Amino acid sequence: MLERYGHGGDWLTARELYGKQGNEGDFIDFSANMNPFGPPACVGELLRRYESFISRYPDPAVRGLRGKLAERHGVPADCLLVGNGAAELIDLLFRELRPKATVLAEPCFIEYREAAAKIGSAVHAVGLKAELDFRLTMDAALDKLKQLRENGLKSGETLWFLGSPNNPTGQTVERTIVEELLRQGETVAMDEAFMDFAADESGLSLLGEAASREKLIVLRSMTKFYAIPGIRLGYMAAEPSLIRRLSELQVPWSVNSLAQLIGEAVLDDAEYAEQTVAWLRTERAWMTEKLQALGLFVFGSAAVNHILFALPEHFGWTSERLQAALGPKGLLIRDASRFIGLDNRYVRIAVRLRPDNEALLEQLRELFEGRGERG
Ligand SMILES: Cc1ncc(COP(=O)(O)O)c(C=O)c1O
């Protein structure tokens, strides 16, 4: 199992499983959703100059990067908290709010459930349905709210933690649903880790509103869009008193100086952002069409750089076997059956650059036609 630690992008486990020894180039990684262009050029430049910064402590208040993010999103800097990846902020939010109950729309990123478990918050899942393209509907949200009230949970005792766009389904959450939950006194955290990939986030993101609305929190990651997961960088927007409490709970200097400098530099690279969005629009549509032509059921929206697909039963393949057949060929995919709410027909892949995508399609074609190892 490639997802030994719950996530994609695990090179060491891949080497152990598939017997490869060399460097990262041994594998083409479709299992983690990273921007395939690699980090913007300014990152290499900063790494070379980093020695001169390392003997100083990082700014504990992350003022430079917070200021830039505030400008970018048009919100006050005291509504923002920067973290050691969005993963740190998810954990921090649960530890501060300590909700009695947590509502998740599953399948979703596994860390929401893990963070809830760590503080003993009871998870109430809304099961997203494949026949609805895994969209969260108003009816499903209101039904869950009714159930919570019937279980004696009052408004303010529950945290709704929703991915938008959601991993692995790619769907965004309709604003009207969030509005209704807030109107009914619920606390809502939106994980917008993949939002930068959307061609136009203005109608989709709630970040601007989170700065001024009590009980609405928005999280963002910088690791996927800028291909810097090893650096760890994310941020969160919420009203200032919650941001203050969260920053008091955060480990001092949690965001190292390299991450802060890189965060500031990549935000200035408008060309990289434009290139990424333009590439994704074309490549995702192309890849979707090719996967469908292979007979696969493809899910998701144009707002994300990953694709969830289902294997038709008559193919005779499971996601686990497909992963195991592709690994030794140097191709890593995500066995999506590890997400709660999906089964062994589901696979998630990142959209990569054309030659990599072609290599994956070629191998899939061979396997499905029975020329590779049988499933
Ligand atoms: C939906 C979602 N949120 C948050 C994260 C964590 O992001 P980061 O690398 O910034 O900690 C991930 C990572 O895969 C993710 O998929």
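Residues numbered from 1 in each chain as written. Predicted model: local features only at pLDDT ≥ 70, side-chain atom pairs only at ≥ 80, totals over all residues. Heavy atoms only, no water.

**Student:** I'd like a description of the site of the ligand, backed by residues and values.
**Tutor:** Residues in close proximity to the ligand total 14 residues, the closest being A86, D191, S221, K224 and R232. Contact distances for the ligand include 2.6 Å between an oxygen atom and a side-chain N or O atom of R232. Its free accessible area being 390 Å², the ligand has 91% of it covered by the protein chains. Considering only residue class, the shell around the ligand consists of seven nonpolar, four polar and three charged. (Near = heavy atom within 4 Å. Polar contact = N/O pair within 3.5 Å; in protein donor to acceptor, adjacent residues only side chain to side chain. Areas by Shrake-Rupley, 256 points an atom, 1.4 Å probe, with all protein chains shown as cover. Nonpolar A, V, L, I, M, F, W, Y, C, P; charged D, E, K, R; others polar.)

**Student:** Now, about helix α9 (residues 240–249): what can you tell me, with residues and values included?
**Tutor:** Every buried residue belonging to α9 is among L242, I243 and L246, and all of these are buried. One side of α9 holds all its buried residues, which, seen down the axis, span an arc of 100 degrees. Those residues of α9 that are exposed and angled more than 90 degrees off the buried face are R244 and E248. Check the buried side of α9 and you find it contacts β2 (80–83), α4 (86–97), β7 (216–221) and β8 (234–237). (Buried < 20%, exposed > 50% of the residue type's maximum accessible area, 1.4 Å probe, protein only. Helix = DSSP H or I, 4+ residues; strand = E, 2+ residues; numbered from the N terminus. Arc of directions from axis to C-beta. Contact = heavy atoms within 4.5 Å.)

**Student:** I'd like a rundown of the pairing of β8, residues and numbers included.
**Tutor:** Within a regular strand, side chains alternate between the sheet's two faces. Residues G234 and M236 line one face of β8 and the alternating positions Y235 and A237 line the opposite face, and both faces are buried. The sheet contact formed by β2 and β8 spans four bridges and is antiparallel. Bridging from a neighbouring strand, G83 pairs with G234 of β8. Note: β7 against β8, four bridges, orientation antiparallel. The residue of β8 that forms the bridge with R220 is Y235. (Pairing = 2+ DSSP bridges.)

**Student:** Which residues make up the domain arrangement of the protein chain, and what values go with them?
**Tutor:** Annotation of the protein chain at the domain level lists domain 1 (11–32 + 271–370) and domain 2 (41–268). Here domain 1 and domain 2 have C-alpha centroids that lie 26 Å from each other. Contact residues are listed per partner, giving 19 residues for domain 1 and 25 residues for domain 2. Interface area for domain 1 against domain 2, summed over the two sides, is near 1900 Å², with a carbon-plus-sulfur share of 67%. When the buried surface of domain 1 facing domain 2 is broken down by residue, Y272, A303 and I340 rank first, second and third, together holding 27% of it. For the pair domain 1 and domain 2, the interface holds zero salt bridges. Between the two partners, domain 1 and domain 2, sit three residue pairs in polar contact (both at pLDDT 80 or more). Looking at the side of domain 1 that touches domain 2, the elements that each hand over two or more residues are α11 (270–293), β10 (306–310) and β13 (346–350). Among the elements that line the side of domain 1 that touches domain 2, the one with the most residues is α11, at six residues. Considered class by class, the residues forming the side of domain 1 that touches domain 2 number twelve nonpolar, five polar and two charged. (Domains from an automatic or database assignment. Buried area = accessible area lost by both parts, 1.4 Å probe. Salt bridge = Lys/Arg side-chain N within 4 Å of Asp/Glu carboxyl O.)

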